[in-house]
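Report on the structure
What follows is each chain in one-letter form.
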Amino acid sequence: MSINNTTISNKINTGNFFEDFSIGQKITHPLPRTITDGDVSFYIALTGSRFALHSSDELARDFGYKKKPLDDLLMFHLTFGKSVQDISLNAIANLGYAQISFANPVFVGDTVSLETEVIGLKENSNGKSGVVYVHSIGYNQHKEEILNLKRWVMVHKKDKTVNSGINQVPSFAKTTEILEDIKIPNINVVNTDATGGKYFWEDYVEGERLNHLEGITVDNSDHTLATKLYQNNAKVHFDDFMMKATPVGQRLMYGGHVISIARSISFNGLQNAQWIYAINSGTHANPTFAGDTIYAYTEVIEKIEHKRDDIALLRLRTVGLKNIKPSDVESTFDENGKYLKNVVLDLDYTVVIPKKNNN
Amino acid sequence: MSINNTTISNKINTGNFFEDFSIGQKITHPLPRTITDGDVSFYIALTGSRFALHSSDELARDFGYKKKPLDDLLMFHLTFGKSVQDISLNAIANLGYAQISFANPVFVGDTVSLETEVIGLKENSNGKSGVVYVHSIGYNQHKEEILNLKRWVMVHKKDKTVNSGINQVPSFAKTTEILEDIKIPNINVVNTDATGGKYFWEDYVEGERLNHLEGITVDNSDHTLATKLYQNNAKVHFDDFMMKATPVGQRLMYGGHVISIARSISFNGLQNAQWIYAINSGTHANPTFAGDTIYAYTEVIEKIEHKRDDIALLRLRTVGLKNIKPSDVESTFDENGKYLKNVVLDLDYTVVIPKKNNN
Amino acid sequence: MSINNTTISNKINTGNFFEDFSIGQKITHPLPRTITDGDVSFYIALTGSRFALHSSDELARDFGYKKKPLDDLLMFHLTFGKSVQDISLNAIANLGYAQISFANPVFVGDTVSLETEVIGLKENSNGKSGVVYVHSIGYNQHKEEILNLKRWVMVHKKDKTVNSGINQVPSFAKTTEILEDIKIPNINVVNTDATGGKYFWEDYVEGERLNHLEGITVDNSDHTLATKLYQNNAKVHFDDFMMKATPVGQRLMYGGHVISIARSISFNGLQNAQWIYAINSGTHANPTFAGDTIYAYTEVIEKIEHKRDDIALLRLRTVGLKNIKPSDVESTFDENGKYLKNVVLDLDYTVVIPKKNNN
C-alpha cells in the first residue's frame, strides 16, 4: 500500500476569496436537504424550544395546518448552512443580515435548497480583504420560496498586491417588507392552555420590555452538534486545534445557535408569538463560547396592524446576554456607544401573534 | 431602535408559589407533544437503552404490537416535563413520587398531554415554604390515559409573614395497584436470541440481587440535551451561571435522567423485563453532576402472579450509584439510616416479564 | 423493602472469554434494530457528514433510489454494535478488520440484525489470552445481506493455567472482492451543483493525495452519544470511573466514530464518491480521546474499472490524524516503521464514483 510519486491534489475546495466573486454572479449551493423528524427533535433538544405550534401536530391542525410546521429558525439554519462553503468559508467576519423573510411554511419531508446572487462588492482600503454582499433565496422541492435573505461578509483576498478598487454597495431596507398575503392559516380560537400563554397582540405595548426568566448554558457538544446538523462547515466552530493557535484560543459558537437559544428563552412572555415573519437585522455583538450561559430580554419596538383581523405583528428587539441576568442590564451600550461585553446578540425581528378578538 | 419610556413587563410566568395552589385546583399543562422517531433515537443515544421491544418494529410485531411502543420512561419524561413550569418551577425539592402507572402503550405519532389536580397542601412550620401534593394524568390524542402519577414537591411561599396553617396531607398506597387488565398483547414465544436474555419470571427469586455490569458516565451536554428534549424547564438543570452562585456550584442532573440511565444499565440481567408496569416510589438520595459515572444494582423484592398465564410481574428495587461499583456496596444506608453519599437513586417499581411456560 | 437473605445473581452476562468460543460456533446477536430518521439526523449531527446522496430524498430519486439510502458507515455501526456484547466485551484489543462489504442498500424503516460464525482461534503463548477470528453477516428484515465482515479481537482467558494450544488462523484476502453485480442504480447525469463536487472517476490519478481541509474536534458527549446510539456497550467508551483507574486514565473514543469523522472530512475532494463499496482493512493506530481534533488525508491507491460504464471504483487510503494538519504529515510511520503518535486511523477502502462520460 506504499505509494510512490505522491502528488498533492488540487481537488480540495478551499472556498471563495474576494476576487472569486463578481456582481451578478449566481451560485447554486450544494446539498439539498430533506428535513426529518430527527432534525426537529434535535432542535428541541439543542435549544429547549417550547413554542407549541412546532411541538404538536394536534395543535397545528387546530391552527389549520396539515401537521406541525418547522420552527422558522430551524429551517433557516438547515437552508443557510449550505451557503457557508461557497460564501463564508474564508470570511473574516459575518458583518450583517437584512430583509430576512420566511415566505412559506416548511414541513418534515420537504427538501430545501439555496441559491445566491452576488449583489455588491467593496474592496477594503487595506488591500487585504473586501466585503461581499449577497442575496440568497431558499426553495422547497416544489421550487416555492421558503427563505429570502441578504447578508454581507468580510472575505480575505487571494492577492493582496492587486487592488481593483471596486466599491458597489447595495442599499438595504431597514425592515423586511410586510406583504398583504401572510401564509398563515386563518386563526380561530387559540387554546391558551395548550400554548402556555394568555397574551395576545392587544396586550403588548410599544416600549414594553420582557426580562425573560430562563438562562441556558451551552457546552461544546451542544453547539457543535447543532452546527454539524446544519452542515455548516465553518472551521471556527469545529476545529479547536486551529482555534487554539489564534488569539480567540477556542472554538466559537455559531451565531445562529445563539439566536435560537435567545428565541427559545423568549418563549416565556411571548408564548403566542409562534411565527417569525421576518428578521430585519441582527448583530452578533460579542462572541459566545462553551460554558457561557445565555439570557435574553425582549423589547416591543412597534405594533403593526395587518389587513387580516385574526393576526397582527410585533416588531421586537431581542437582546442576548451572556453570564448576566436581564434585570442587571439597563442598556446594551457603554458610554461610547459600544456594546457591553456581556451582550452577544442584538436581533431586530418581526413576529406574528393572534389578536384577542377571536380569543 | 432606541426606546424611550421602557416599562418592565409583567407577562413573564414566574411559576406558582405555595399560595397559588388550592385543594381541588385543576391545571391543564401547556405544550401537548407529538412524539417522533427523533425522540426515540435521542433516548437510545442518551441512555444507551437496549431493551429489544423498543428497538425493533419486527420484534414488536412478533409480540403483537403494530410497531414498537415507546419506552415507558421516555413517555414519562416527555409527558411529565410539561408540568414543571406550573408545579415545580419554584420547587425547593422534589420530595417524592407514588402510584405511577402506565395504562396504555404510546407510539411514535401520538400526541401526549398532561393534566393535574392539587390533592394536598401542607404549610411548613418555618413559614417559608410548603408542600404541594398533586395527582397528574397524561393522555394521548384519543384522550386515553397513558400516565398516572402522584408527586409532592416543596415550594417557596411568596409571603413569608402570612401563615395559613393549612395541613391536608393525602395518603398514598405503598405500591401502585395492579389491574386485572394489563394492556400488553398476548405473549407467545419470546425470541431470546433477539431480546438478548434467556431468563423468565420463574427464574428470578425474591431476595436475588443483580449487580449490573455497565457504568455510564454522564456529561453536561448529555443531561441538558435530555432535559431540553423533554421541555422540562427547571432552571437548576440548565443555568450554570445561576448555579455557580449557589452552594451546589454547578448544574444538577435531572433526576429522571438518572432513573433512565439506571434502567438502561439494568438491561444486563433483566433483558426480558421490557415493560415497566408501575413505579411505586422513588428517592433521589443524592444529587448527580456532570462527570459522575452511574452504576446500578437491582433487588427482586417480590414475585407477583397475575391471572394471565403468559406474563407475571416482578417488584424490583433498583439502586443507582455514582462512582462506585455495585459489588462494593453492601447496603445503601449508613449506621444512622442515612443514604450513603454514593447512592443517587432508590427506585421501587414493578415490571412485567413473560413466563417460561410458553418459552 | 429491606431484604434478608440476599443472594448475588448469576444472571449477569459478563461476556464471552477465549474458552467460550469454538471453531464453527454460530452466534445470533440480540437487538435487531429498526433504523429511523432520528438515527440519520444523529449521524449528520455527530459527524457533520455532507455526502449529498444521504442528505436529500430528491437527489436520491434522481439517482434512481426510492428515497435516500443510509450512509454505509451508519448502517455499519448500527449493525456491528450488536456484536460487542458477545464478541468483544472482554476484548483486550480490536486487532483488525478484513473483507468488509455492503451488499445492498439500507433505508430508514429497515430492521437490521447480525449473525456471526467463529472462523479461527489462536491461543497466545503467554496463556493469558487468545485471538478470536469471526465472520459476521448483517441482514435486513427480508433476510437480504447488507453487511459482511471479518474481524479478529484479542480476548481474555478465564483460566490462565490451562493451555489448549489451539492455533487455527484463517487467511484473509488483501482486498474485498468486487462483484460483477454492484447494487447501485444506473447513474445518469450527476447534478454537481447538488453534490458539491465536479470530479469524476477519470479525474483522479493513482498516487494522488488529498489533504482534506476541515478538522473536527470531538468531545466526550459526542462520541458517547454516538456509541450509545449504536447500542455498542463496550465499557471503555462509557465508564470514566473505570478508565480513570487504568493507565489510559480516561474514556477511549469508539474507533468506528473516528472512521466516520475521517470519512466526513474526506467529503472535501471526494464529493461524488458517495458509496463505500468495501473496507479492505483498517488499523486504529493510536487511541483518540475527548478534545482531540481529527484531520484526514486520502491517497488514491488504485483506480479500478468495472464492467458497468456509468461507474467505477477507487481504492483509497484515508489516514486519520489527531492534532496535526495533513499538510504537516509526510509519512504515517517513523523511521522504525511504527505509526507516528498523531496517526489514529489507517483505512484501506474502496468507493464507487460515477464516470465522466455521462457527466
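Scroll up for the structure.
Residues numbered from 1 in each chain as written. Chains lettered and ligands numbered in written order. Predicted model: local features only at pLDDT ≥ 70, side-chain atom pairs only at ≥ 80, totals over all residues. Heavy atoms only, no water.

Structural notes on the interface of chain C and chain B
Accessible area lost upon the coming together of the parts is a frequently used measure of interface size. Condition: A contact between two residues is defined here by any heavy atoms of the two lying within 4.5 Å. When two components associate, each loses some accessible surface as probed by a 1.4 Å sphere; the sum of these losses over both components is called the buried area. For this document, the term salt bridge refers to a Lys or Arg side-chain nitrogen within 4 Å of an Asp or Glu carboxyl oxygen. Here a polar contact is taken to be a pair of N or O atoms separated by no more than 3.5 Å, where protein atoms must pair a possible hydrogen donor with a possible acceptor and residues adjacent in sequence count only if both atoms sit in side chains. Labels follow the DSSP assignment, with helices taken as runs of H or I lasting at least four residues and strands as runs of E lasting at least two, numbered in each case from the N terminus. Strand pairing is defined by DSSP finding a minimum of two bridges between the two strands.
Across the contact, 42 residues belong to chain C and 56 residues belong to chain B. Summing both partners gives a buried area of about 4000 Å² for chain C against chain B, and 57% of it is carried by carbon and sulfur. Across the pair lysine 228 of chain C and aspartate 222 of chain B runs a salt bridge, and its minimum N-O distance is 3.3 Å. Across the chain C-chain B interface, the total number found is 25 residue pairs in polar contact (both at pLDDT 80 or more). Counting residues per element, the ones that place at least two in the side of chain C that touches chain B are strand S1 (7-8), strand S3 (33-34), helix H1 (37-47), helix H6 (220-229) and helix H7 (240-244) of chain C. Sort the elements by how many residues they give to the side of chain C that touches chain B and H6 of chain C lands first, with 6 residues. Pairing of strand S9 (residues 208-211) of chain B with S1 of chain C, which is carried by 2 bridges, proceeds in the parallel orientation. Counted as the bridge partner of glutamate 208 of chain B is threonine 7 of chain C from S1 of chain C.

Examining the relation of the copies chain C and chain B
The test is simple: All copies are superposed by least squares; the fitting set is the C-alpha atoms of residues with a pLDDT of at least 70 in both.
Note on the copies: chain C fits chain B at an RMSD of 0.0 Å, the axial shift is 0.0 Å, and the rotation between them is 120°. Both chain copies can therefore be described as sitting about a three-fold axis. Relative to the rotation axis, the C-alpha of glycine 38 of chain C is the closest in chain C, positioned 2.2 Å from it. Comparing interface residues between copies, only 10% of those in chain C also lie at the interface in chain B; the contact surfaces differ.

Observations concerning helix H1 (residues 37-47) of chain B
Residues and elements named next belong to chain B. The line we're drawing: The rule is simple: take the accessible area with a 1.4 Å probe, protein chains only, and divide by the maximum for that residue type; under 20% is buried, over 50% is exposed, in between is partly exposed.
Of all 11 residues making up H1, 10 are buried, and the element is well covered by its neighbours. Residues Gly38, Asp39, Val40, Ser41, Phe42, Tyr43, Ile44, Ala45, Leu46 and Thr47 constitute the buried set of H1. Capping the start of H1, threonine 36 holds a side-chain oxygen 3.1 Å from the backbone nitrogen of glycine 38, two or three residues further along. Taken from the residues just after H1, glycine 48 is the one with a positive phi, measuring 70°.

Examining the interface of chain C and chain A
Where we set the bar: For this scheme, ten residues count as nonpolar: Ala, Val, Leu, Ile, Met, Phe, Trp, Tyr, Cys and Pro. Four count as charged, namely Asp, Glu, Lys and Arg, and the remainder, Gly too, count as polar.
Contacts between the two partners involve 56 residues from chain C, matched on the other side by 42 residues from chain A. Interface area for chain C against chain A, summed over the two sides, is near 4000 Å², with a carbon-plus-sulfur share of 57%. Per-residue buried area on chain C facing chain A is highest for Ala45, Arg50 and Leu213 of chain C; these three make up 14% of the total on that side. Between the two partners, chain C and chain A, sit 3 salt bridges. A salt bridge links arginine 251 of chain A to aspartate 219 of chain C; its shortest N-O distance comes to 3.0 Å. At the boundary of chain C with chain A, the tally comes to 25 residue pairs in polar contact (both at pLDDT 80 or more). The greatest single-element share of the side of chain C that touches chain A, amounting to 8 residues, is contributed by H1 of chain C. Tallied by class, the residues present in the side of chain C that touches chain A amount to 19 nonpolar, 19 polar and 18 charged.

Thoughts on the relation of the copies chain C and chain A
The two copies are related by a screw motion: chain C maps onto chain A through a turn of 120° and a shift of 0.0 Å along the axis, at an RMSD of 0.0 Å. Residue by residue, only 7% of the interface of chain C is reproduced at the interface of chain A, so the copies engage with different surfaces.

A short note on the pairing of strand S11 (residues 275-283) of chain A
Residues and elements named next belong to chain A. The buried fraction of S11 amounts to 7 of the 9 residues, a majority that puts the element mostly inside the structure. Sheet topology places strand S4 (residues 91-101) next to S11; 3 bridges connect them, and they run antiparallel. Across the sheet, alanine 98 pairs through a bridge with serine 281, a residue of S11. Relative to strand S14 (residues 343-354), S11 is paired through 7 bridges, and the arrangement is antiparallel. Considered in S14, the bridge of isoleucine 279 is made with tyrosine 349.

A closer look at the environment of lysine 67 of chain B
All names here are of chain B. Here lysine 67 is to be found in the loop between helix H2 (57-62) and helix H3 (72-80). When its relative accessible area of 28% is taken as the criterion, lysine 67 is described as partly exposed. A sequence separation of 41 residues divides lysine 67 from valine 108, and the C-alpha atoms of the two residues are 8.9 Å apart. Polar side-chain contacts of lysine 67 include one of 2.9 Å to the backbone oxygen of valine 108.

Let's talk about the side chain of asparagine 272 of chain A
Residue and element names in this part refer to chain A. Note that asparagine 272 resides in the loop between helix H8 (255-265) and S11. Note on asparagine 272: relative accessible area 1%, which makes it buried. A polar contact is formed between the side chain of asparagine 272 and the backbone oxygen of glycine 197, at a distance of 2.8 Å. Non-local contacts of asparagine 272, meaning those with residues more than four positions away in its chain, are made with Val190, Thr192, Thr195, Gly197, Lys198, Tyr199, Phe200, Val352, Ile353 and Pro354.

Some points on the packing of aromatic side chains
Let me state the cut-off plainly: Geometry of aromatic contacts follows a simple scheme: Phe, Tyr and Trp rings, the Trp one being its six-membered ring, pair when their centres are within 6.5 Å, and the pair is stacked under 30 degrees between planes, edge-to-face over 60, tilted otherwise. For a Lys NZ or an Arg CZ to count as sitting over a ring, it must be within 6 Å of the ring centre and within 35 degrees of the ring normal.
Tallied over the full model, the rule gives 36 aromatic pairs over all chains. A ring pair is formed by phenylalanine 333 of chain B and tyrosine 339 of chain B, whose centres lie 4.6 Å apart and whose planes are at 40°; its orientation type is tilted. With relative accessibility at 33%, the residue phenylalanine 333 of chain B sits in the partly exposed group. Here the aromatic rings of phenylalanine 76 of chain C and phenylalanine 80 of chain C are separated by 5.0 Å at their centres, their planes lie at 10°, and the arrangement is stacked. A residue pair is termed a helical-turn pair when its members lie 3 or 4 positions apart in one helix, as phenylalanine 76 of chain C and phenylalanine 80 of chain C do in helix H3 (residues 72-80) at 4 residues. The class for phenylalanine 80 of chain C is buried, based on a relative accessible area of 3%. The rings of Phe42 of chain A, Phe42 of chain B together with Phe42 of chain C are connected pair by pair, giving a single aromatic cluster. For the cation-ring pair, lysine 66 of chain B lies above phenylalanine 107 of chain B, with the distance from its terminal atom to the ring centre recorded as 4.5 Å. Stacked on the ring of tyrosine 139 of chain B, the Lys or Arg lysine 143 of chain B has its end atom at 4.1 Å from the ring centre.

Structural notes on the pattern of salt bridges
Residues and elements named next belong to chain B. In this structure the tally under the stated criterion is 60 salt bridges over all chains. In this structure, glutamate 115 engages lysine 143 in a salt bridge whose closest nitrogen and oxygen atoms are separated by 2.8 Å. Note that glutamate 115 is positioned in strand S5 (residues 111-123) and lysine 143 in the loop between strand S6 (129-139) and strand S7 (145-156), a separation of 28 residues in sequence.

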